[in-house]
Amino acid sequence: MEHNPLHLLIVEDDADTRANLRDILTLNGHSVETATGMADVLSRTAWSTFGAVILDRKLPDGTAEELLPHLRQVAPEAAVIVVTGFGDLDGAIAAIRHGAADYLLKPISPDLLLSRVTRIAEHRRLALEKSELEHQVRQAEKLAAVGQLTAGLAHEIGTPLNVISGRAEMLLERMAADDPSRGDIERILVQIERITKLVTQMLNFARTRPPEIRPIGLLPLVQEVLALFEHQVRSHHIAVQVDGSGPVSTIRADPDQMQQLLFNLLHNAIDAMPDGGTLTIRIDRTGPRQEGEDATDGCYMRLEIADTGVGIAPEHLTRVFEPFFTTKAVGKGTGLGLAVSHRIVQNHGGRIEVKSEVGEGTVFSAYLPIEPEVDGAAESGRDE
Ligand SMILES: Nc1ncnc2c1ncn2[C@@H]1O[C@H](COP(=O)(O)OP(=O)(O)OP(=O)(O)O)[C@@H](O)[C@H]1O
Ligand SMILES: [Mg+2]
């Protein structure tokens, strides 16, 4: 059986050949759709799922060379294997010239067909892994660069900021109660406060403190952080459900970082429901996250924050964990909340996932190891 199953389209006008090809491929774990000719192919729309197309060179209503430019355009990711009659090597060469990845001669040998398809599947898997890896490296580099830059910047900004706010406060104290300039100075102080908050947030982000691991109850922590949002929850008419009815919610983790994680996720969920909705927080145990992961059942605590808010557009979904990615108005979001959350979960040896439907809502799931193995984690140390 094939371990990298592909989704394939077979384009073949002969019903017997079509059924034959389909059986060979599905028996080997691939999923198959079929088309009977050029018109049938041209009328299709959902191309993104196809990993390969098996295309008969001579169709009743056209040839492979006529179809290939269209396929390259609508399904650039799909590899096309052209099937030609015996002795039609010229046709095969023409097809390759038009962008086909490979060719097969009739009558098709099942072994040959399967080995070609397996090769394409393997290619595809490697290409996907490579782009995923490149993405991760780019993220890590971005994060490291951002971290260094912000730590330096935040430090440099801090000192003059202190002087400015100190002087502004002094001016305010010296001013008569009815001085017309009071309002201006007060406005300056408000804006300084805003910068200070941003700088603190950036420093939080830049700091790569290893987690200080100790036992904490997630459920009480959820209640604690929820209390901070009491006002928004009430004024936005948001119903809150907490489901932590599972066994116990105790894990070993860094309390400050867990608090920050919860804060960021709850903050986003509430922001996503300006016209009300339901906020659901679930805590439960799950088994190993992936096949082959060497662990026993119930070794992760899943923390799920679900909202019925605006949702996240598919093209944004892959970017939400990027530092500085935000769709919020200037001054409202820095785009660091989820980048920080991602890093916190990762530092605990866990992972965080997101699912979202525009107009339906969003679910963030953090999987946290109940007993994390954290490099250099201070058991009970206090310093930083
Ligand atoms: N629950 C959610 N529902 C809808 N969109 C969300 C949700 N959570 C995150 N997002 C989207 O992801 C973006 C990034 O989120 P993130 O928390 O990193 O930054 P932010 O909320 O914009 O700013 P910050 O958290 O730094 O104040 C948001 O701007 C928003 O577009
Ligand atoms: Mg946020």
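If you're wondering where the values come from, they're calculated on a predicted model, not measured in any experiment.

**Considerations on unusual backbone geometry**
The bulk of non-glycine residues show a negative phi, and the bulk of peptide bonds are trans.
Consideration 1: Residues Lys 106 and Pro 107 are joined by a peptide bond in cis, for which omega reads -5 degrees.
Consideration 2: Along the chain, Pro 107 turns up in the loop between β7 (102-105) and α5 (110-174).
Consideration 3: Phi is positive for His 237, close to 55 degrees, though the residue is something other than glycine.
Consideration 4: Structurally, His 237 can be placed in the loop between α8 (230-235) and β9 (238-243).
Consideration 5: For His 237, a count of 10 C-beta atoms within 10 Å gives the class exposed.

**Looking at the sheet that holds β7**
Each strand in a sheet pairs with its neighbour through backbone hydrogen bonds, running either in the same direction (parallel) or in the opposite one (antiparallel).
Consideration 1: Taken in spatial order, the five strands make up an open sheet running β2-β1-β3-β6-β7, and their pairing is parallel. The open sheet has two edge strands, β2 (31-35) and β7, and neither has a second partner. The average undirected angle you get between the axes of adjacent strands in this sheet is 20 degrees.
Consideration 2: In terms of strand pairing, strand β1 (residues 7-11) meets β2 through five bridges, oriented parallel. Bridge pairing links Val 11 to Ala 35 in β2.
Consideration 3: Of the strands in this sheet, β1, β2 and β3 (52-56) are in contact with helix α1 (residues 15-27), which crosses β2 at around 165 degrees.

**Focus on the site of ligand 1**
Consideration 1: Residues in close proximity to ligand 1 total 22 residues, the closest being Ala 272, Thr 326, Gly 333, Gly 337 and Leu 338.
Consideration 2: Contributions of two or more residues to the shell around ligand 1 are made by α9 (255-271) and α11 (337-347).
Consideration 3: Each residue belonging to the shell around ligand 1 can be placed in one class, and the counts come to nine nonpolar, eleven polar and two charged.

**Considerations on the sheet that holds strand β11 (residues 277-286)**
Consideration 1: Taken in spatial order, the five strands of this open sheet run β9-β11-β12-β14-β13, and their pairing is mixed. The open sheet terminates on both sides in strands that have one partner only, identified here as β9 and β13 (351-357). Going from strand to strand, the sheet's axes swing by 10 degrees on average, the running direction of each strand aside.
Consideration 2: Judged from the eight bridges that link them, β11 and strand β12 (residues 300-307) form a sheet pairing that is antiparallel. The residue bridging Thr 286 from the neighbouring strand is Tyr 300, located in β12.
Consideration 3: Along the sheet, α11 makes contact with β13 and β14 (361-369), crossing β13 at roughly 140 degrees.

**Here we look at the domain arrangement of the protein**
Consideration 1: Under the domain assignment, the protein is made up of domain 1 (7-108), domain 2 (132-206) and domain 3 (214-369).
Consideration 2: When each unit is reduced to the centre of its C-alpha atoms, the spacing between domain 2 and domain 3 is 27 Å.

**Quick notes on the nonpolar core**
Consideration 1: Among the nonpolar cores identified, the biggest contains 35 residues, and Leu 218, Leu 261, Leu 262, Leu 265, Met 301, Ala 366 and Leu 368 are the most heavily contacted of them.
Consideration 2: Broken down by element, the residue count for this core peaks at six residues, all from α9.
Consideration 3: Not counting the four nearest positions on each side in its chain, Met 301 is found in contact with Leu 218, Ser 249, Ile 251, Ile 283, Arg 285, Leu 368 and Ile 370.
Consideration 4: Core analysis: the next-biggest nonpolar cluster, separate from the first, contains 34 residues, Leu 9, Met 38, Leu 59 and Leu 71 among them.

**Considering α9**
Consideration 1: With 17 residues, α9 extends 24 Å from end C-alpha to end C-alpha; this agrees with the ideal 24 Å at 1.5 Å per step.
Consideration 2: Along α9, the residues classified as buried are Gln 257, Met 258, Leu 261, Leu 262, Asn 264, Leu 265, Leu 266, Asn 268 and Ala 269.

**Some details on the confidence of the model for the protein**
Should the pLDDT be low somewhere, the predicted coordinates at that spot are not to be read in detail.
Consideration 1: Mean pLDDT over the protein works out to 86, with 90% of the residues at or above the 70 mark.
Consideration 2: Below pLDDT 50 for its whole length, residues 376-384 participates in eleven contacts with residues either more than four positions away or in separate chains.

**Re α11**
Consideration 1: Counted residue by residue, α11 has nine buried out of eleven residues, so it is predominantly covered.
Consideration 2: Taken as a whole, α11 has its buried residues at Gly 337, Leu 338, Ala 339, Val 340, Ser 341, His 342, Arg 343, Ile 344 and Val 345.
Consideration 3: In the stretch just after α11, Gly 349 is the one whose phi turns positive, near 80 degrees.

**Quick look at the packing of α9 against α11**
For any two helices packed against each other, the geometry comes down to the angle between their axes and how far apart the axes lie.
Consideration 1: In contact at an axis separation of 9 Å, α9 and α11 are set at 145 degrees when each is read in the N-to-C sense. Here α9 runs over α11; the crossing is left-handed. Between α9 and α11, the residues in contact are Gln 257, Gln 260, Leu 261, Asn 264, Leu 265, His 267 and Asn 268 and Gly 337, Leu 338, Val 340, Ser 341, Ile 344 and Val 345, respectively.

**Quick word on the pairing of β13**
Consideration 1: Relative to β14, β13 runs antiparallel, the two sharing seven bridges. When the sheet's bridge partners are listed, Ile 352 is paired in β14 with Ala 366.
Consideration 2: Here β13 folds back onto β14 in antiparallel fashion, the turn holding three residues, of which Gly 359 has a positive phi close to 80 degrees.

**Here we look at the environment of Glu 77**
Consideration 1: Note that Glu 77 resides in the loop between α3 (64-74) and β6 (79-84).
Consideration 2: Judged by C-beta crowding, with 13 C-beta atoms within 10 Å, Glu 77 ranks as partly exposed.
Consideration 3: A C-alpha to C-alpha distance of 6.6 Å links Glu 77 and Gly 51, two positions 26 residues apart in sequence.

**Description of the environment of Asn 4**
Consideration 1: As for its placement among the helices and strands, Asn 4 is situated in the segment before β1.
Consideration 2: With 120 residues separating them in the primary sequence, Asn 4 and Arg 124 have C-alpha atoms 9.0 Å apart.
Consideration 3: Not counting residues up to four positions away in its chain, the partners in contact with Asn 4 are Ala 121, Glu 122 and Arg 125.

**A word on the packing of helix α7 (residues 218-228) against α9**
Consideration 1: Following both chains from N to C, one finds α7 and α9 inclined at 50 degrees, their axes separated by 10 Å at the closest point. With respect to their mutual orientation, α7 and α9 come out oblique. The handedness of the crossing between α7 and α9 is right-handed. Residue-level inspection shows Leu 221, Val 222, Val 225 and Leu 226 of α7 in contact with α9, the latter providing Met 258, Gln 259, Leu 262, Phe 263 and Leu 266.
Consideration 2: Counted by class, the contact of α7 with α9 contains eight nonpolar, one polar and no charged residues.

Criteria and thresholds
Residues numbered from 1 in each chain as written. Chains lettered and ligands numbered in written order. Predicted model: local features only at pLDDT ≥ 70, side-chain atom pairs only at ≥ 80, totals over all residues. Helix = DSSP H or I, 4+ residues; strand = E, 2+ residues; numbered from the N terminus. Buried ≥ 20, exposed ≤ 12 C-beta atoms within 10 Å, placed from the backbone. Pairing = 2+ DSSP bridges. Axes fitted to C-alpha atoms, helices over the stretch in contact; angles between N-to-C directions. Contact = placed C-beta atoms within 7 Å. Near = placed C-beta within 6 Å. Nonpolar A, V, L, I, M, F, W, Y, C, P; charged D, E, K, R; others polar. Domains from an automatic or database assignment. Core = buried A, V, L, I, M, F, W, Y, C linked by C-beta atoms within 7 Å. Expected span 1.5 Å × (residues − 1). pLDDT = per-residue confidence, 0-100. Left-handed = near helix turned anticlockwise from the far one by under 90°. Parallel < 35°, antiparallel > 145°, perpendicular 65-115°, else oblique.

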